[in-house]
Each structure stands twice: as structure tokens, then as C-alpha cells.
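Summary of structural features
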Amino acid sequence: MTTIRRLYVDSRLRSSGTGSDFTVELPRSFEIPDQTIAFVDSVLVPNVFPTIHENNNRLYFAEIEAITLNVTEHIYTLNEGNYTGSQLAQHVQDKINSNRSLNQPYSVSYEEKTGKITISNNGGNIAIPTRNELIELRRTSFPWANQTLETDLRDCHDVIGFNTTINESSAGVLVTEGFVDLMPYKNLFLCSSSIGNMGTVVGPNLQDDIIRRIAVTSGFGNVIYDAHSTSADYIDCSLTQLSQMRFRLTDEFGRTVALKGHGISFSICFMEKSVV
């Protein structure tokens with residue numbers, strides 16, 4: 001029986017896949033003894049995550065005409081990139097003015113003191129559906145803007161500050177209930193069903209294959225470094241076998257994040273459970 005104490009992984013040297021969803025072929029099969037645990041250490045992730053990206057670039061929007069009360073629904077796709085609050089407000093303004101039904105143009109502003117966005121139009125009222133409303137529409141097979149709603153909404157609610165309830169304008173003015181959040185991720189999750197015994201972890205979206213939570217503590221363009229810090233954060237891998245291993249780097253919803261051609265590296269340490 002061949003045992004292993006430490007495994008170093010770099011997704012740039014993967015057998016197949018991408019930098020954030022990849023498979024590693026081990027040189028031989030390793031039998032993991034009983035009462036063995038593992039923990040992930042020294043995680044390095046390049047922060048290449050802009051404010052708006054492929055998983056949060058959709059603005060669901062409705063226009064309500066003042067006299068007829070006719071409702072026109074839209075799904076705007078925001079451009080990927082980093083933004084300041086003012087730049088984000090300008091971009092939202094350009095997008096909704098590019099395809100509108102109300103006869104007056106939109107004005108979108110960002111208030112730095114409050115961290116909120118205001119959308120206004122003198123030609124009628126406007127609304128942004130909440131995430132729960134969109135989920136309910138999807139559940140009941142109702143479309144939005146004549147499009148079938150996908151399981152992954154990819155909405156920009158968290159970024160622009162429209163989070164839960166207040167989403168319809170008063171006298172043509174709609175102010176975000178929450179703060180604009182220009183940091184797309186607070187935590188990332190390294191996932192794998194190839195190592196450890198399943199059923200001992202529950203993630204924020206009920207994932208059961210998380211082997212490491214990675215706190216995003218470095219800004220865009222820098223390297224995120226996350227080290228093992230607690231003895232309770234281990235993986236029970238007793239009586240398992242390792243040969244081919246698949247890993248994914250995901251967000252809180254379990255969606256694989258894009259590393260833009262870069263890779264992630266980390267180590268996996270094995271030890272007897274009694275040592276902890």
C-alpha cells in the first residue's frame with residue numbers, strides 16, 4: 001500500500017479542464033488508511049474578478065407608462081469590467097437609454113455619501129424585480145421580456161444595491177435600498193468530490209463537496225493567499241483511494257468562476273486524526 005503525506009496541486013499543470021475546473025492525474029494510486037484526515041493549505045488565487053463579469057451582468061428592468069400603465073420588460077447585459085460607483089451609474093444609464101419605451105431619457109446617478117444609485121425618469125415609473133420574484137416567475141414558467149428565465153439568473157442585484165424588497169419607483173424615482181458593492185466576491189470555494197467522505201459539509205447554496213473556503217482579502221490584480229488556520233477545518237478521507245482528482249473553484253452559488261487563463265495552486269496535507 002502506498003501512502004501519501006502531502007500533495008501539491010497547480011491547475012496550470014492539469015491533466016484536463018480549465019484553470020478553475022480541472023482534473024489532476026496522480027502518478028499512481030494512493031490508498032488512504034483509516035483515521036486519516038486532510039486539510040487544504042497555502043491556497044493562491046489570482047484576483048482577476050472584475051466588478052461586472054459573466055455571472056452578474058444581467059439587469060432585469062421594467063418600464064411602466066404613466067397614462068396607459070403598459071409595462072415593458074427588458075434584460076440588459078452590462079459590459080464586463082471594473083467600475084467606480086459613478087462609472088457604474090453612467091453605464092447603467094447608457095444601457096437603459098439605448099433601448100427604452102418611455103418617451104423621456106433616464107438619469108442614473110451615484111451618491112458617494114450614501115453609496116446608493118438613483119434611477120429616474122419623468123415619463124413614467126420603473127421597477128427592478130427582486131431575485132425572489134424572478135425565481136417565482138421561473139418556478140411558474142412565466143417569462144421575463146419574452147425570454148424563458150434560466151436557473152442561473154446572473155443578475156447584477158448585489159452590485160447595484162437592489163437586493164430584496166424596495167424595487168418600484170415613486171413619481172419616477174427609484175433609489176437603491178442597499179449599497180453599491182463593487183467587490184464581486186467575498187468568499188470563494190474550492191470543491192472536490194474526489195477527496196474525502198461526502199456528507200460532512202453544507203455550503204451556502206447547500207453544496208456538499210466544499211473542501212476549502214477562501215476569503216477574498218486582496219483586491220483586483222493582486223494574489224489572494226489563504227492559509228489553513230483552524231484544526232477543525234479538515235476533510236475526513238479515511239479508507240478512500242486517490243488516483244484521479246477533479247477540483248473546481250466556485251462562488252457562493254456553486255458556479256465555477258473564470259480565471260482568465262490563469263491557475264490556482266494549493267497543497268493538501270494528510271495526517272492521522274489523533275494528531276489534531
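Residues numbered from 1 in each chain as written. Predicted model: local features only at pLDDT ≥ 70, side-chain atom pairs only at ≥ 80, totals over all residues. Heavy atoms only, no water.

Here we look at the environment of Phe142
- Within the element layout of this structure, Phe142 appears in the loop between helix 2 (131-139) and helix 3 (157-160).
- Given a relative accessible area of 51%, Phe142 falls into the exposed group.
- Beyond its immediate chain neighbours, meaning those up to four positions away, Phe142 contacts Leu137 and Leu149. (Helix = DSSP H or I, 4+ residues; strand = E, 2+ residues; numbered from the N terminus. Buried < 20%, exposed > 50% of the residue type's maximum accessible area, 1.4 Å probe, protein only. Contact = heavy atoms within 4.5 Å.)

Regarding the pattern of salt bridges
- Applying the stated criterion across every chain, the model contains 13 salt bridges.
- Between Asp21 and Arg246 there is a salt bridge whose closest N-O contact spans 2.9 Å. Highlighted residues: Asp21 in strand 3 (residues 21-31) and Arg246 in strand 15 (residues 241-250), separated in sequence by 225 residues. (Salt bridge = Lys/Arg side-chain N within 4 Å of Asp/Glu carboxyl O.)

Topic: the sheet that holds strand 6 (residues 71-77)
- The sheet built from three strands is open, its strands ordered 6-5-9 with antiparallel pairing. The two strands at the open ends of the sheet, each matched to only one other strand, are strand 6 and strand 9 (124-127). Between one strand axis and the next, the sheet turns by 25° as a mean value, whatever way the strands run.
- Bridge count for strand 5 (residues 58-65) against strand 9 is four bridges, and the pairing is antiparallel. Bridge assignment links Glu65 to a residue of strand 9, and that residue is Gly124. (Pairing = 2+ DSSP bridges. Axes fitted to C-alpha atoms, helices over the stretch in contact; angles between N-to-C directions.)

Notes on the pairing of strand 8 (residues 116-120)
- Going residue by residue along strand 8, you find Ile117 and Ile119 tucked away on one face and Lys116, Thr118 and Ser120 left uncovered on the opposite face.
- Pairing of strand 7 (residues 107-111) with strand 8, which is carried by five bridges, proceeds in the antiparallel orientation. By the bridge assignment for strand 8, Val108 is matched with Ile119.
- In the sheet, strand 8 pairs with strand 10 (residues 173-175) via three bridges, with the strands oriented antiparallel. Bridge pairing in strand 10 places Ser120 opposite Val173.

Focus on the environment of Arg58
- Assignment of secondary structure puts Arg58 in strand 5.
- On the basis of relative accessibility, which here comes to 19%, the residue Arg58 falls in the buried class.
- Between the alpha carbons of Arg58 and Arg154 there is a distance of 5.9 Å; along the sequence they are 96 residues apart.

Here we look at the nonpolar core
- Counting 34 residues, the largest nonpolar core has Val45, Phe247, Phe266, Ile268 and Phe270 as the members making the most contacts within it.
- Sorting the residues of this core by element identifies strand 1 (6-10), strand 3, strand 4 (36-46), strand 11 (187-191), strand 12 (210-215), strand 15 and strand 16 (265-272) as the ones contributing at least two each.
- In this view, Phe266 contacts Leu7, Tyr8, Val9, Phe22, Val40, Asp41, Ser42, Val43, Leu190 and Phe247; residues no more than four positions away in its chain are not counted.
- Leu78, Tyr83, Tyr106 and Cys156 belong to the second largest nonpolar core, which has 23 residues in total. (Core = buried A, V, L, I, M, F, W, Y, C linked by side-chain atoms within 4.5 Å.)

Let's talk about the sheet that holds strand 7
- Across the sheet, which stays open at both edges, the three strands sit in the order 7-8-10 with antiparallel pairing between neighbours. Taken across any chain shown, the strands that pair with only one partner, and hence form the sheet edges, are strand 7 and strand 10. Neighbour-to-neighbour, the strand axes of the sheet open up by a mean angle of 15°, direction not taken into account.
- Packing against the sheet, helix 1 (residues 85-98) makes contact with strand 7 and strand 8, and its axis sits at approximately 165° to strand 7.

Quick look at unusual backbone geometry
- Residue Asn146 is not a glycine yet carries a positive backbone phi of 60°.
- Of note, Asn146 is situated in the loop between helix 2 and helix 3.
- Asn146 gets classed as exposed once you look at its relative accessible area, which sits at 78%.
- At Arg154, a residue that is not glycine, the phi angle is positive and equals roughly 55°.
- Mapped onto the fold, Arg154 is located in the loop between helix 2 and helix 3.

Side note on the confidence of the model for the chain
- Per-residue pLDDT for the chain averages 90, and the proportion of residues at 70 or more is 97%.
- Strand 14 (residues 235-236) is the least confidently modelled element of the chain, averaging 88 in pLDDT, while helix 1 averages 97, the highest of any element. (pLDDT = per-residue confidence, 0-100.)

A closer look at the side chain of Asn56
- Within the element layout of this structure, Asn56 appears in the loop between strand 4 and strand 5.
- According to the relative accessible area criterion, Asn56 is buried, its value standing at 7%.
- Within the structure, Asn56 has its side chain in polar contact with the backbone oxygen of Thr51 (distance 3.0 Å).
- In this structure the side chain of Asn56 is engaged in a polar contact, spanning 2.7 Å, whose partner is the backbone nitrogen of His53.
- With residues up to four places along the chain from it excluded, the contact list for Asn56 reads Thr51, Arg154, Asp155, Cys156, Val159 and Pro184. (Polar contact = N/O pair within 3.5 Å; in protein donor to acceptor, adjacent residues only side chain to side chain.)

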